[in-house]
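In case you want the letters, here they are:
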2 protein chains.
Amino acid sequence: MTANILVVEDEAAIQELLAFNITQCGYRAIEAYDADGAWTHINHELPDLILLDWMLPGSSGVELARRLRANQRTRNIPIIMLTARTDERDKILGLESGADDYITKPFSPRELMARIRAVLRRRAPQMSDETVVAGGLELSPTMHRINANGVMIDLGPTEFRLLHFFMTHPERVYSRSQLLDHVWGDHVFVEERTVDVHIRRLRQALEPSSFDSLIQTVRGSGYRFSSS
Amino acid sequence: MTANILVVEDEAAIQELLAFNITQCGYRAIEAYDADGAWTHINHELPDLILLDWMLPGSSGVELARRLRANQRTRNIPIIMLTARTDERDKILGLESGADDYITKPFSPRELMARIRAVLRRRAPQMSDETVVAGGLELSPTMHRINANGVMIDLGPTEFRLLHFFMTHPERVYSRSQLLDHVWGDHVFVEERTVDVHIRRLRQALEPSSFDSLIQTVRGSGYRFSSS
DNA sequence: CGATGGTATGACAGAATTGTGACAGTAGCA
DNA sequence: TGCTACTGTCACAATTCTGTCATACCATCG
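Just so we're clear, the structure is a prediction, and the values are computed from it rather than from any experiment. (Residues numbered from 1 in each chain as written. Chains lettered and ligands numbered in written order. Predicted model: local features only at pLDDT ≥ 70, side-chain atom pairs only at ≥ 80, totals over all residues. Heavy atoms only, no water.)

Peer 1: What am I meant to see in the protein's contact with DNA strand C here?
Peer 2: Around DNA strand C lies a shell of 25 residues, among which A:Thr217, A:Arg219, A:Tyr223, B:Thr217 and B:Tyr223 are the nearest. Each atom of DNA strand C within 4 Å of the protein was classed as base or backbone; sugar and phosphate made up 54%. The side chain of A:Arg219 places a nitrogen or oxygen atom 2.4 Å from a base nitrogen of DNA strand C. In this structure, a phosphate oxygen belonging to DNA strand C sits 2.5 Å away from a side-chain N or O atom of B:Thr217. Within the residue set of the surface near DNA strand C, elements represented by two or more residues are α8 (193–206) of chain A together with α8 (193–206) and β11 (215–218) of chain B. The residue inventory of the surface near DNA strand C, partitioned by class, reads 3 nonpolar, 7 polar and 15 charged. (Near = heavy atom within 4 Å. Polar contact = N/O pair within 3.5 Å; in protein donor to acceptor, adjacent residues only side chain to side chain. Helix = DSSP H or I, 4+ residues; strand = E, 2+ residues; numbered from the N terminus. Nonpolar A, V, L, I, M, F, W, Y, C, P; charged D, E, K, R; others polar.)

This is the structure we're talking about:
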């Protein structure tokens, strides 16, 4: 979830400002002061987004952008150009070189972060938006709803993710810690018993439609979503 | 999606070149050879973008640009100025007259198309003129009106666009970001919470007719327009 | 049958998210 | 030029969601 943002900027003051704002928003800022340094970082680890200064010592930002676009491995990394020039023409050149967006200095931190979020959002991997059908239920991620024989069921965020996971992995027993990994995320630390509570809440929501029996307890092992 | 581009240019050779490139890129080129001809076309059908020669017989391009900007109906049509002059002062004049961009002759077709795409990309999304019926409401873009079981509801511009979007995309949950992109436009940078405020204003307007429940909050995800 | 280990439930406080009223700056309009 | 309506933001209120407990419940086994 935390995106790595590579900031390529030679002016230390601006670099610092950018890093501060980026960190503030919950992203991780990786610093580079020229194209070569940036390239080294990129070869070490692919960032999720590159914030690239137009004017850089050595090869320019545009050049780096072109290089990124030419390389198969780095082709899809979104780039936001950072330029002091207000000349519209330069902006266009920046876009043509493969940048996804550009912003002129001086910029407001708010606008910058808005653009970063916008770009990340556009490039965000499409998670399975497909409607899932299982056990007589129909779960639609886009509508964020469950259709139980014509009756619509609304769930809270966690219960929704939980049911979604179960419906996409039916007939199989999952331990509490496996469920925590898949539904909550690998990194979060919560008590295993918390799963029990959410299972109950999910059953409670499915009870009016008598679909609560779909979620079965396997004593000593975990839970299972099963039609039988 | 195919944008109509009005090309106002008196030299036939350039006109032809422009039309060729524009068509090549999948847009539709409408030709005009002077300001009057352009005006006639504009009154007949609003183009999505105007490519305007600086020097025109009769009234100049700048004059036409001013006229376009002075008129409410044509105010938001993006304009790209086409000029042979490289004089910086003229550039400024061109931009001040309301042009969104300018390009000096001779220009490369590639650069021109880049600018056209960039300007079109910045443009706020247009809504269709068709009357939409959903959830018991009837929204007429041409009359800028909502009919709620015979009761007419007036909305501000933003609330109207918001409701229009919802009614044309019912049952589906949209995040605040997505709503900003679709209703405000990709290039607009406002706080996500601003969406909440407009949702409230929209609900408030729909409340007297008890249609406010059509807009549902999906906690953690966004909002949804749904009849159920 | 009672002991034991595992599971279900209800209650809760804190966290996170959303709803609202107010406000200042702008744009549109007469 | 004033006036009115519309917008985007805030701060604060209201609501919902989460993770944990303590306790009740239940199956299994000695």
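Peer 1: Can you help me understand the environment of B:Gln15 in this one?
Peer 2: All names here are of chain B. Positionally, Gln-15 belongs in helix α1 (residues 12–24). In sequence terms Gln-15 and Glu-31 are 16 residues apart; their C-alpha atoms lie 7.4 Å from each other. If we skip the residues at most four places from it in the chain, Gln-15 touches Val-7, Glu-9, Glu-31, Ala-32 and Tyr-33. (Contact = heavy atoms within 4.5 Å.)

Peer 1: Would you take a moment to explain the environment of A:Phe165 for this structure?
Peer 2: Residue and element names in this part refer to chain A. In this structure, Phe-165 sits in helix α6 (residues 157–168). For Phe-165, a relative accessible area of 8% gives the class buried. Taking the C-alpha atoms as reference points, Phe-165 and His-182, 17 residues apart in sequence, are found 7.6 Å from one another. Dropping the residues within four chain positions of it, Phe-165 is found in contact with Tyr-174, Leu-179, His-182 and Val-183. (Buried < 20%, exposed > 50% of the residue type's maximum accessible area, 1.4 Å probe, protein only.)

Peer 1: It is not clear to me how the sheet that holds strand β8 (residues 145–148) of chain A should be interpreted in this structure. Could you clarify?
Peer 2: Strands belonging to one sheet form pairs held by backbone hydrogen bonds; the direction of such a pair is parallel or antiparallel. Residues and elements named next belong to chain A. With antiparallel pairing, the 4 strands of this open sheet are ordered in space as β6-β7-β8-β9. Each having just a single partner strand, β6 (132–134) and β9 (151–153) make up the two edges of the open sheet. Strand after strand, the sheet turns through a mean of 20° between neighbouring axes, direction not considered. Relative to strand β7 (residues 137–140), β6 runs antiparallel, the two being bridged by 3 bridges. Its bridge partner lying in β7, Ala-134 is registered against Leu-137. (Pairing = 2+ DSSP bridges. Axes fitted to C-alpha atoms, helices over the stretch in contact; angles between N-to-C directions.)

Peer 1: Would you take a moment to explain the sheet that holds strand β10 (residues 173–174) of chain B for this structure?
Peer 2: All names here are of chain B. Taken in spatial order, the 3 strands make up an open sheet running β10-β12-β11, and their pairing is antiparallel. With one partner strand each, in any of the chains shown, β10 and β11 form the two edges of the open sheet. Inspection of the sheet shows β10 paired to strand β12 (residues 222–225) by 2 bridges, in the antiparallel sense. If you follow Tyr-174 over to β12, its bridge partner there is Tyr-223. Docked against the sheet, helix α6 (residues 157–168) engages β10 and β12, running at close to 65° with respect to β12.

Peer 1: How do you make sense of the pairing of strand β11 (residues 215–218) of chain A when you look at a structure like this?
Peer 2: Successive residues of a regular strand alternate their side chains across the two faces of the sheet. Residue and element names in this part refer to chain A. Sheet topology note: the β11/strand β12 (residues 222–225) ladder contains 4 bridges and is antiparallel. Bridge pairing links Gln-216 to Arg-224 in β12. Remark: 3 residues form the turn of the hairpin made by β11 and β12, two consecutive strands paired antiparallel; Gly-220 in that turn has positive phi of roughly 85°.

Peer 1: Just to check I follow, could you spell out the packing of aromatic side chains for this structure?
Peer 2: Centre distance and the angle of the planes are the two values used to describe a pair of aromatic rings. All names here are of chain A. Per the stated rule, a full pass over the model turns up 4 aromatic pairs over all chains. Here Phe-165 and Phe-166 contribute two aromatic rings whose centre-to-centre distance is 6.4 Å and whose plane-to-plane angle is 50°, an arrangement assigned as tilted. Like Phe-165, the residue Phe-166 is buried in the burial classification. Three or more aromatic residues link up through ring pairs in this structure, and these residues are Phe-165, Phe-166 and Tyr-174. The lysine or arginine in question, Arg-67, covers the ring of Trp-39, its NZ or CZ lying 4.3 Å from the ring centre. (Phe/Tyr/Trp six-rings, centres within 6.5 Å; stacked < 30°, edge-to-face > 60°. Lys NZ or Arg CZ within 6 Å of the ring centre and 35° of its normal.)

Peer 1: I'm lost on the packing of helix α7 (residues 176–184) of chain A against α8(A) in this one. Help?
Peer 2: Two quantities define a packed helix pair, namely the angle between the helix axes and the distance between the axes. All names here are of chain A. Taken N-terminus to C-terminus, the directions of α7 and α8 make an angle of 70°; their axes are 9 Å apart at the nearest point. What the angle tells us is that α7 and α8 run roughly perpendicular. Packed against α7, whose contacting residues are Arg-176, Leu-179, Leu-180 and Trp-184, the element α8 presents Arg-193, Thr-194, Val-195, Asp-196 and His-198 at the interface. A breakdown of the residues in the contact of α7 with α8 according to their chemical character gives 4 nonpolar, 2 polar and 3 charged. (Parallel < 35°, antiparallel > 145°, perpendicular 65-115°, else oblique.)

Peer 1: Before we go on, may I ask you to explain the side chain of B:Arg224 in this structure?
Peer 2: Tracing the backbone through its elements, the reader meets B:Arg224 in strand β12. Of the polar contacts made by the side chain of B:Arg224, one reaches the backbone oxygen of A:Met143; its length is 2.5 Å. Non-local contacts of B:Arg224, meaning those with residues more than four positions away in its chain, are made with A:Met143, A:His144, A:Arg145, A:Asp154, B:Phe166, B:Glu171, B:Arg172, B:Val173, B:Leu214, B:Ile215, B:Gln216 and B:Val218.

Peer 1: Sorry, what's going on with the pairing of strand β3 (residues 49–53) of chain B here?
Peer 2: Residues and elements named next belong to chain B. When you tally the buried positions in β3, you get 5 out of 5 residues, the bulk of the element. Side chains of β3 alternate between two faces, with Leu-49, Leu-51 and Asp-53 and Ile-50 and Leu-52 buried alike. Sheet analysis places β3 next to strand β4 (residues 79–83), joined by 4 bridges and oriented parallel. Across the sheet, Asp-53 pairs through a bridge with Leu-82, a residue of β4.

Without other data, these values stay purely geometric and don't point to any function.
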